[in-house]
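# A structural walkthrough
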There are 2 protein chains.
Amino acid sequence: MGTYESYAGKINRKLMKKVHIVNVAAGRAPADLVLKNASYVNVFSNKICHGDIAITKGLFVGIGQYSGPNEVDMSGKLVLPGFLDSHIHLESSLVTPWEFAKAVLPHGTTTVVTDPHEIANVMGTDGIEYMLQATEGLPVDVRFMLPSCVPATPVDESGADLDYRDIDSFYDHPRVQGLAEMMNFPGVIQADKDVLEKIVAAQAHHKKIDGHAPNLEGNDLNAYVTAGVYSDHECSSAQDAIAKLELGQFIMIREGTAARNLDALLPLLTPEYADRCMFCCDDKHPSDLLEKGHIDYIVRRAIQKGVDPIIAVKVASHNAARYYALNNRGAIAPGYLADFVVIDNFRDFHIESVYKKGVVMYETNEVKQFQIPEVSSYLVERAHNTFHVPSLTEKDFEDVRPRGIIGMVPGEIITQDLGYAAEINPAKDILKIAVVERHKNTRHIGIGYLKGYGLKEGAVATSISHDSHNIIAVGTNDKDLAAAVNRVVENNGGIVVLKDGQIQGEVVLAIAGLMSDAPLTQVNQALEEAKKQAFALGVCQDVDPFMTLSFMSLPVIPTLRLTTRGILDVISQKYI
Amino acid sequence: MGTYESYAGKINRKLMKKVHIVNVAAGRAPADLVLKNASYVNVFSNKICHGDIAITKGLFVGIGQYSGPNEVDMSGKLVLPGFLDSHIHLESSLVTPWEFAKAVLPHGTTTVVTDPHEIANVMGTDGIEYMLQATEGLPVDVRFMLPSCVPATPVDESGADLDYRDIDSFYDHPRVQGLAEMMNFPGVIQADKDVLEKIVAAQAHHKKIDGHAPNLEGNDLNAYVTAGVYSDHECSSAQDAIAKLELGQFIMIREGTAARNLDALLPLLTPEYADRCMFCCDDKHPSDLLEKGHIDYIVRRAIQKGVDPIIAVKVASHNAARYYALNNRGAIAPGYLADFVVIDNFRDFHIESVYKKGVVMYETNEVKQFQIPEVSSYLVERAHNTFHVPSLTEKDFEDVRPRGIIGMVPGEIITQDLGYAAEINPAKDILKIAVVERHKNTRHIGIGYLKGYGLKEGAVATSISHDSHNIIAVGTNDKDLAAAVNRVVENNGGIVVLKDGQIQGEVVLAIAGLMSDAPLTQVNQALEEAKKQAFALGVCQDVDPFMTLSFMSLPVIPTLRLTTRGILDVISQKYI
């Protein structure tokens, strides 16, 4: 896109802008906007500072005494740098990136760093490209870390298999910051060449490499860090976090929908450690986003727990920016992007307005209109056509052999090995579970049994199933199982709750089977209604009917999982 | 230099190294070197940590329990990251970069960031290239900031005139970190396009831009910072430094030969501000280097003044590395360059050994041998042939008109306007001063009078004269003036003290008229002897006979200066 620009032309264009901002800063030209009498968090001196803040061409240009035709009085308020989410999978919001942007702007988020891991497992590099195009020019700046583990494991049948060469050209994209969470830490520690060469290539491009290594320690941790993994967001204890921090890793304190580590990691939010910390959500589901908020929720909670508010704000803004070498943001200072949040005070922490590049994007409870990014027609069509499964019948789910029983554990995503079953028995909570390969028309259908889900009638199916996103379904009879899967395919993806062939609730996720084309509130409403219907059909109250189900196919968490090839013992990595 | 390496080949080469270091870190292969039972400064947690430190292929690869065929017991000692000088002009040492390296290795310096401003004023881009080649592969890693102000002012007749296009290709060099001190701060504030486009180009290359703006404040400082100047090393008061730090600038605390700001800036070496600070020397003369040391001297002094030793060490190492995005050094942690310093303890701070990339380079008072970089014959010849001046006679220094008198001020480099004189009068300390253009054979010779220098007989001449490095000479008679200048030219540069045509002392600086081909101790000896001879000829004891003289031609410091075109009033920028 865009016309060719010579280097000399680029320098001259930037020079013209530079001359203007210097003229404004020096007081020779009026600022586009002046925040009069502002009190703001200074992340350099760790103080509240005061002054008029001049903004021009999207940048803070000066702090001191300024005036102009467009002034906003900031007396009695507090101005903070815009917040950054240092690690999120945007797909977890179930909506398009622009719907996500609308949802987080009121919460002060002005930059997020996303790992398009989910969509890449479905669409490969087309998925990465789709997300890049779908985030271009949004008022929340979306930066990318390239998925490092597609597929997540060798036993996964995903839509793509990406080695370092596949993702290499994306490092040239101006919004790509590096290589995303290196979940295959055993591969790193074992010096697996396919794994290490992804790190080597990211380093060759002078990019960051994020980590994912819960409770790794000792020389294994040394090996993981020396390989070039610069951060971790999987710490659930201060001890684990400090051990990693002392070896040089940056710590992303995660507080999202599925995993919540803030309370355990509060000891890090002290002058001793905080400079090496930032905040992230990892996953953020619709209701959580609508009800709790985003990074602001973490900041608020940290302050309530006794963290120095200036430290909390700095961790939420400056530290993440500096980690990612996004050196033009994360502070209120001359030359920085005018991304900022206006609140009443630290105690109430009510967000009154949010500005992106000097333009108000949220004010008086309203998000301002913005241009929706244009995604190429090829990618739109590709994203809406990711199901390659023939119409199924109950015969496809029939099975004469006994199969393993996956035992769900309330409130956890680990499972138990509960032996074998040969048939469905809803009275004993023995349900049939199936994973239907949906990327390449292989007709692979893995079948097993599930206990602890509670369904008494009908079936539930979803195309969100980590990390390959095949269709996972659970049912009380083969006919409803087939109907539920067929409906997911008919919708080009999503969640279906069905009884006796009748749809009880559904969420259409036609973008790669992961995201909806509808607004967030609508998606949330459909999702909550579908959940209600799933509970009505008997799903246990302590189970999230769709999220927990989506993890039953993730072949890295013990004990049993179901893949497209059958029930897998995660520890032995053998099918049983 | 070097064979062509494909991208795939580069990845594979780096992969092989990566596999090996991961194997060592994981304990599957022995380390090249193990520092047993080490106590070390952890710059991430701000603590002294303990463990065995494994080193392989020039990198720290693990900290914990390691053993190997090559172990060094570190019990009772303290291991620190190697020190960085964040801003120096290597030419100020008067020796070649390899002689400089030999001198600073015993002081724990493992990286310096140099601005080849002096040689660039003589040789233009050839001077930058000369220094790059002369520093390649040294055991002190030499990084470059490209000179931003050549010539220093429009009235200077220097050897080159560099705009952004001239220096642009150097940004691709792997050891170039950015644009050096932007001394022309009035040009920045006035939005001078030639000045700003240098900043714009450095930013287009994602490089750092260093500052130089003593006591700039208010909206002028806002303009300077918003233009994109990220640091300052000219702060001589904590108030000035904090004002700049609060606007986002990093502060280089300077303690060198000419300017010493450490004591005034001690309030910055606190948890509140220290993360935005680093150390630098700016200029470091031979005797100072030999007698006091380098960055270690600053650290030692800071500790003596009550600064937390861990803060002092972190400022001396990690902070400078992070500012310059030299993210592979400045810490003792897996994956970092094994650049380190072994001391006895913080109180005595005696440096026992220094390692660069895991190899001991200084131990038991001895610097290890290393390969001297090879400079291309073109550049060697070019550097030794920078004088283009015909042989002069006393007639060239005769002048019938009265000329301004520059009044030296003891202990300062500012001067006074002491009216006019028409002839030399040593009894009244009225000496003739001359600046002889030496780059382009223009035959321009600026003549004036000097008071406060004290010379009673003979003449002194030097080819170090800031910043154009023409020949500056002061004499009691025209004949000795001519002889002294002729001798400097004959030597291809240097310092000469002469009486009645007889050389009393001299330092040959045949590399661009700035640096010697001789060892540091020899240069220092010649310099001290020449100084002694200058004092013997009457130079006042409170004047440095050569250094102070070298500033008499710098047309930016009030009141009067002498250029190749005559006596200049610095305030009005007019010749008088």
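Keep in mind that this is a model prediction, so the values were computed, not measured.

### Comments concerning the overall build of chain A
Counting its regular elements, chain A contains 18 helices and 28 strands. Rg of the C-alpha trace for chain A: 25 Å, near the compact-globule value of 25 Å for 576 residues, within the 12% margin. Burial statistics for chain A: of 576 residues in total, 64% are counted as buried. Restricting to contacts in chain A with at least 6 residues of sequence separation, those with at least 24 account for 68%.

### Looking at the sheet that holds strand S22 (residues 459-462) of chain B
As a general point, the strands of a sheet are linked pairwise by backbone hydrogen bonds and lie either parallel or antiparallel. Residues and elements named next belong to chain B. Judged by pairing direction, the sheet is mixed, and its eight strands sit side by side in the order S19-S18-S21-S20-S23-S22-S24-S25 without closing on themselves. Both edges of this open sheet fall to strand S19 (415-421) and strand S25 (502-508), since each of them pairs with a single strand only. Strand-to-strand, the axes of this sheet are offset by a mean angle of 20°, without reference to chain direction. Here five bridges tie strand S18 (residues 403-408) to S19, and the two strands are oriented antiparallel to one another.

### Re the relation of the copies chain B and chain A
Once chain B has been moved 0.0 Å along the axis and rotated by 180°, it coincides with chain A to within an RMSD of 0.1 Å. The transformation just described matches what one would write down for a two-fold rotation axis. Using C-alpha coordinates, one finds that chain B approaches the rotation axis most closely at Pro 271 of chain B, a distance of 3.9 Å. Here 100% of the interface residues in chain B have copies in chain A that are interface residues too; the copies meet face to matching face.

### Description of the packing of helix H8 (residues 218-226) of chain A against helix H1 (residues 7-26) of chain B
Packing of H8 of chain A against H1 of chain B brings their axes to within 7 Å, and their N-to-C directions diverge by 160°. Taken together, H8 of chain A and H1 of chain B sit at an angle that is classed as roughly antiparallel. Helix-helix and strand crossings are classified by hand; for H8 of chain A and H1 of chain B the assignment is right-handed. Contact residues: Asn 219, Asn 222, Ala 223 and Thr 226 of chain A in H8 of chain A; Lys 18, Ile 21, Val 22, Ala 25 and Ala 26 of chain B in H1 of chain B. Split into classes, the residues belonging to the contact of H8 of chain A with H1 of chain B amount to five nonpolar, three polar and one charged.

### Let's talk about the pattern of salt bridges
Inspection of every chain in the model, using the stated rule, returns 66 salt bridges over all chains. Of the charged contacts in the structure, one is a salt bridge between Lys 36 of chain B and Asp 52 of chain B, with a shortest N-O distance of 3.1 Å. Residue Lys 36 of chain B is located in strand S1 (residues 33-42), and its partner Asp 52 of chain B is located in strand S2 (residues 47-56); the two are separated by 16 residues in the primary sequence. For the pair shown, Lys 36 of chain B and Asp 52 of chain B are each scored as buried. The shortest N-O distance in the salt bridge between Asp 263 of chain B and Lys 305 of chain B comes to 3.6 Å. Note that Asp 263 of chain B is positioned in helix H10 (residues 262-265) and Lys 305 of chain B in the loop between helix H12 (295-304) and helix H13 (309-316), a separation of 42 residues in sequence. For Asp 263 of chain B, a relative accessible area of 36% gives the class partly exposed. Within the structure, one salt-bridge network assembled from shared partners comprises Asp 141, Arg 143 and Arg 329 of chain A.

### Considering the nonpolar core
The biggest cluster of nonpolar side chains holds 349 residues, and the ones touching the most others in it are Leu 268 and Tyr 453 of chain A together with Leu 268 and Tyr 453 of chain B. Every residue in contact with Tyr 453 of chain B, bar those within four places of it in the chain, is listed here: Met 408, Asp 429, Leu 431, Val 460, Val 474, Gly 538, Val 539, Cys 540, Val 543, Pro 545 and Leu 549 of chain B.

### Some remarks on the sheet that holds strand S12 (residues 250-254) of chain A
Pairing within the open sheet is parallel, and its three strands lie in the order S11-S12-S13 (chain A). Only two strands of the sheet have a single partner each, and these edge strands are strand S11 (231-232) and strand S13 (277-280) of chain A.

### Let's talk about H8 of chain A
Inspection of H8 of chain A places Leu 221, Asn 222, Ala 223, Tyr 224, Val 225 and Thr 226 of chain A among the buried residues, and these make up the whole buried set. Residues of H8 of chain A that are buried in the fold lie against strand S9 (176-182), helix H6 (185-189), strand S10 (208-211) and helix H9 (238-246) of chain A together with H1 and strand S3 (59-64) of chain B. One or two residues past the end of H8 of chain A sits Gly 228 of chain A, with phi positive at roughly 115°.

### Let's talk about the confidence of the model for chain A
Averaged over every residue, the pLDDT of chain A is 97; the share at 70 or more is 100%. Interface predicted TM-score (ipTM) for the complex: 0.95; the corresponding pTM is 0.96.

### Regarding the environment of Met 74 of chain B
All names here are of chain B. One can find Met 74 in the loop between strand S4 (71-73) and strand S5 (78-81). Assessed through its relative accessible area of 2%, Met 74 is described here as buried. Here the alpha-carbon distance between Met 74 and Ala 38, two residues 36 residues apart in the chain, equals 4.9 Å. Each residue touching Met 74, except ones within four places of it in the same chain, is listed here: Leu 35, Lys 36, Asn 37, Ala 38, Val 79 and Val 342.

### Examining unusual backbone geometry
Cis peptide bonds are those with omega within 30 degrees of zero, and the linkage from Val 150 of chain A to Pro 151 of chain A qualifies with -5°. Secondary-structure assignment places Pro 151 of chain A in the loop between strand S8 (141-146) and helix H5 (164-168). A cis geometry characterises the amide bond from Pro 558 of chain B onward to Thr 559 of chain B, with omega recorded as 5°. Within the element layout of this structure, Thr 559 of chain B appears in the loop between helix H18 (547-550) and strand S26 (560-563). Non-glycine residue Ala 191 of chain B carries a positive phi angle of around 60°. As for its position among the elements, Ala 191 of chain B is in the loop between helix H6 (185-189) and helix H7 (193-204). By relative accessible area, which is 9% here, Ala 191 of chain B ends up buried. Its identity is not glycine, yet Asp 429 of chain B carries a phi of approximately 60°, on the positive side.

### Section: the interface of chain B and chain A
Taken residue by residue, the interface counts 66 residues in chain B and 66 residues in chain A. Each partner contributes to the roughly 5,200 Å² buried at the junction of chain B and chain A, and carbon and sulfur atoms together form 55% of this total. Summed over the three residues of chain B that lose the most area to chain A, namely Phe 44, Thr 226 and Arg 322 of chain B, the buried surface amounts to 13% of that side. Where chain B meets chain A, there are two salt bridges. The closest approach of N and O atoms between Lys 47 of chain B and Glu 272 of chain A, which form a salt bridge, is 3.5 Å. Counting the contacts that link chain B with chain A gives 33 residue pairs in polar contact (both at pLDDT 80 or more). If one sorts the elements of the side of chain B that touches chain A by residue count, H1 of chain B sits on top with 14 residues. Looking at the side of chain B that touches chain A residue by residue, the classes come out as 36 nonpolar, 16 polar and 14 charged.

### Points about the pairing of S1 of chain B
Residues and elements named next belong to chain B. Within S1, nine of the 10 residues are buried, leaving the element largely enclosed by the surrounding structure. Sheet topology places S1 next to S2; eight bridges connect them, and they run antiparallel. Its bridge partner lying in S2, Ala 38 is registered against Gly 51. Between S1 and S2, which follow one another and run antiparallel, lie four residues, and Asn 46 among them has a positive phi close to 60°. In the sheet, S1 pairs with S4 via three bridges, with the strands oriented parallel. Paired with Lys 36 across the bridge in S4 is Asp 73. Direction of pairing for S1 relative to S5: parallel, over a ladder of two bridges. When the sheet's bridge partners are listed, Ser 39 is paired in S5 with Leu 78.

Calculation rules
Residues numbered from 1 in each chain as written. Chains lettered and ligands numbered in written order. Predicted model: local features only at pLDDT ≥ 70, side-chain atom pairs only at ≥ 80, totals over all residues. Heavy atoms only, no water. Helix = DSSP H or I, 4+ residues; strand = E, 2+ residues; numbered from the N terminus. Rg over C-alpha atoms; globule rule 2.2 N^0.38 Å. Buried < 20%, exposed > 50% of the residue type's maximum accessible area, 1.4 Å probe, protein only. Contact = heavy atoms within 4.5 Å. Pairing = 2+ DSSP bridges. Axes fitted to C-alpha atoms, helices over the stretch in contact; angles between N-to-C directions. Least-squares fit on C-alpha atoms with pLDDT ≥ 70 in both. Parallel < 35°, antiparallel > 145°, perpendicular 65-115°, else oblique. Left-handed = near helix turned anticlockwise from the far one by under 90°. Nonpolar A, V, L, I, M, F, W, Y, C, P; charged D, E, K, R; others polar. Salt bridge = Lys/Arg side-chain N within 4 Å of Asp/Glu carboxyl O. Core = buried A, V, L, I, M, F, W, Y, C linked by side-chain atoms within 4.5 Å. pLDDT = per-residue confidence, 0-100. Buried area = accessible area lost by both parts, 1.4 Å probe. Polar contact = N/O pair within 3.5 Å; in protein donor to acceptor, adjacent residues only side chain to side chain.

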